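Residue-level listing of the chains:
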Amino acid sequence: MKFLHSMIRVKDINKSLDFYQNLLGLKVQDKKILDDCELYFLAEYEGAPEIELTNNFEIPENGYQNGDCFGHLAFATDNMDEFSNLVYKLGYKFLYEPYELKLKAQDGTEKIKKIAFVLDPDNNEIEIIQK
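Described in the following lines is the structure provided in the data block. Note that the coordinates shown come from a computational prediction; the quantities given were computed from them, not determined experimentally.

Right, let's talk about the packing of aromatic side chains for a bit. Per the counting criterion, the structure on display carries five aromatic pairs. Each ring, one from Tyr88 and one from Phe94, has its centre 5.7 Å from the other, and the planes form 70 degrees; the classification is edge-to-face. Look at Tyr96 and Phe117: their rings are 5.7 Å apart centre to centre, the planes differ by 85 degrees, and that puts the pair in the edge-to-face class. With Tyr96 in strand 6 (residues 94-104) and Phe117 in strand 7 (residues 110-119), this residue pair connects regions lying 21 residues apart in the sequence. Through pairs of rings, three or more aromatic residues link up here, namely Phe19, Tyr20 and Tyr92.

Right, dumping it as structure tokens:
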């Protein structure tokens, strides 16, 4: 079994494409036009798991409501400072500014990870983890 993609309905496809391409560095791998929507498949590289942005032609006036089941998508960055600079340069804001998180492994060792959260244009939480 291979994980292929996750689908997100978006209110403004241009804002969403800008966010996922320019901030997160994903590339459009495929686009399909159906009778009632457009589907954009984005990934880091061809063959990688994708995010499917669904642009329905009839969108609820207030957009879509996020349920309480879904939490967030997570992405890795090599450098949180460079990512933070890009967030500000592109005019986005952090939901949670970068901070250090101590994690204890089963063997008792501790690791410190730097993480942050941003919101996409439809208020989906995106976690950023420094490798």
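All right, on to a nonpolar patch on the surface then. Taken together, the side chains of Leu95, Tyr96, Tyr99, Leu101 and Leu103 define a hydrophobic patch exposed on the protein surface, amounting to about 410 Å² of accessible area. For Leu95, the location among the structural elements is in strand 6.

Turning next to the pairing of strand 3 (residues 37-43). Successive residues of a regular strand alternate their side chains across the two faces of the sheet. Taken across its seven residues, strand 3 has seven buried, putting it largely inside the fold. With six bridges connecting them, strand 2 (residues 27-33) and strand 3 associate as antiparallel partners. Bridge pairing in strand 3 links Val28 to Leu42. Counted along the chain from strand 2 to the antiparallel partner strand 3, the turn is three residues long. The pairing of strand 3 with strand 4 (residues 50-56) spans six bridges and is classified as antiparallel. For Leu42, the partnering residue across the bridge sits in strand 4 and is Ile51. Between strand 3 and strand 4, which pair antiparallel and follow one another directly, the connecting turn spans six residues, one of which, Gly47, has a positive phi of 95 degrees.

Across the sheet, four strands lie side by side as 5-8-7-6; this open sheet has mixed pairing. Both edges of this open sheet fall to strand 5 (73-77) and strand 6, since each of them pairs with a single strand only. Averaged over all pairs of adjacent strands, the angle between strand axes in this sheet comes to 25 degrees, irrespective of strand direction. Two elements, strand 6 and strand 7, share eight bridges in a ladder whose sense is antiparallel. By the bridge assignment, Leu101 is partnered in strand 7 with Lys113. Of the strands in this sheet, strand 5, strand 7 and strand 8 (125-130) touch helix 1 (residues 13-23), which is tilted by about 150 degrees from strand 7. Across the face of the sheet, helix 2 (residues 80-89) comes into contact with strand 5, strand 6, strand 7 and strand 8 while running at roughly 165 degrees to strand 6.

Judged from the five bridges that link them, strand 5 and strand 8 form a sheet pairing that is parallel. Opposite Thr77, over in strand 8, you have Gln130 as the bridge partner. The turn linking strand 7 back onto strand 8 is made up of five residues, and Asn123 within it adopts a positive phi angle of 65 degrees.

Applying the stated rule across the entire model yields three salt bridges. For the salt bridge of Lys31 with Glu38, the shortest nitrogen-to-oxygen distance reads 3.8 Å. Taking relative accessible area as the criterion, Glu38 reaches 14% and is therefore assigned buried. Ionic pairing is found between Asp78 and Lys131, a salt bridge with its closest N-O pair at 3.5 Å.

Thresholds applied
- Each chain has its residues counted from 1, following the order in which its sequence is written.
- This being a predicted model, a pLDDT of at least 70 is required before a residue's local features are given, and a value of 80 or more before pairs of side-chain atoms are given or counted; all residues contribute to the totals for chains, interfaces and linings.
- Based on all heavy atoms of the structure, the side-chain values leave hydrogens and waters out of the count.
- Classification of ring pairs uses Phe, Tyr and Trp, with its six-membered ring standing for Trp, and accepts pairs whose centres are within 6.5 Å; under 30 degrees between planes counts as stacked, over 60 as edge-to-face, and the remaining range as tilted.
- Helix numbering and strand numbering both begin at the N terminus, where a helix is a DSSP run of H or I of at least 4 residues and a strand a DSSP run of E of at least 2.
- Only residues above 30% relative accessible area that lack a salt bridge enter a patch, with like-charged residues linked at up to 9 Å and the nonpolar side chains Val, Leu, Ile, Met, Phe, Trp and Tyr linked at up to 5 Å.
- Every accessible area reported is derived by Shrake-Rupley at a probe size of 1.4 Å, with residue values counting cover from the shown protein chains alone.
- What counts as a salt bridge is simple: a side-chain nitrogen of Lys or Arg found within 4 Å of a carboxyl oxygen of Asp or Glu.
- Three labels apply to residues, based on accessible area from a 1.4 Å probe with only protein chains included: buried if under 20% of the type maximum, exposed if over 50%, partly exposed otherwise in between.
- For two strands to be treated as a pair, DSSP must find at least two bridges joining them.
- Axes here refer to lines fitted to C-alpha atoms; in helices the fit is confined to the stretch in contact. Angles between the N-to-C directions go from 0 to 180 degrees.
- Any two residues whose heavy atoms approach within 4.5 Å are treated as being in contact.

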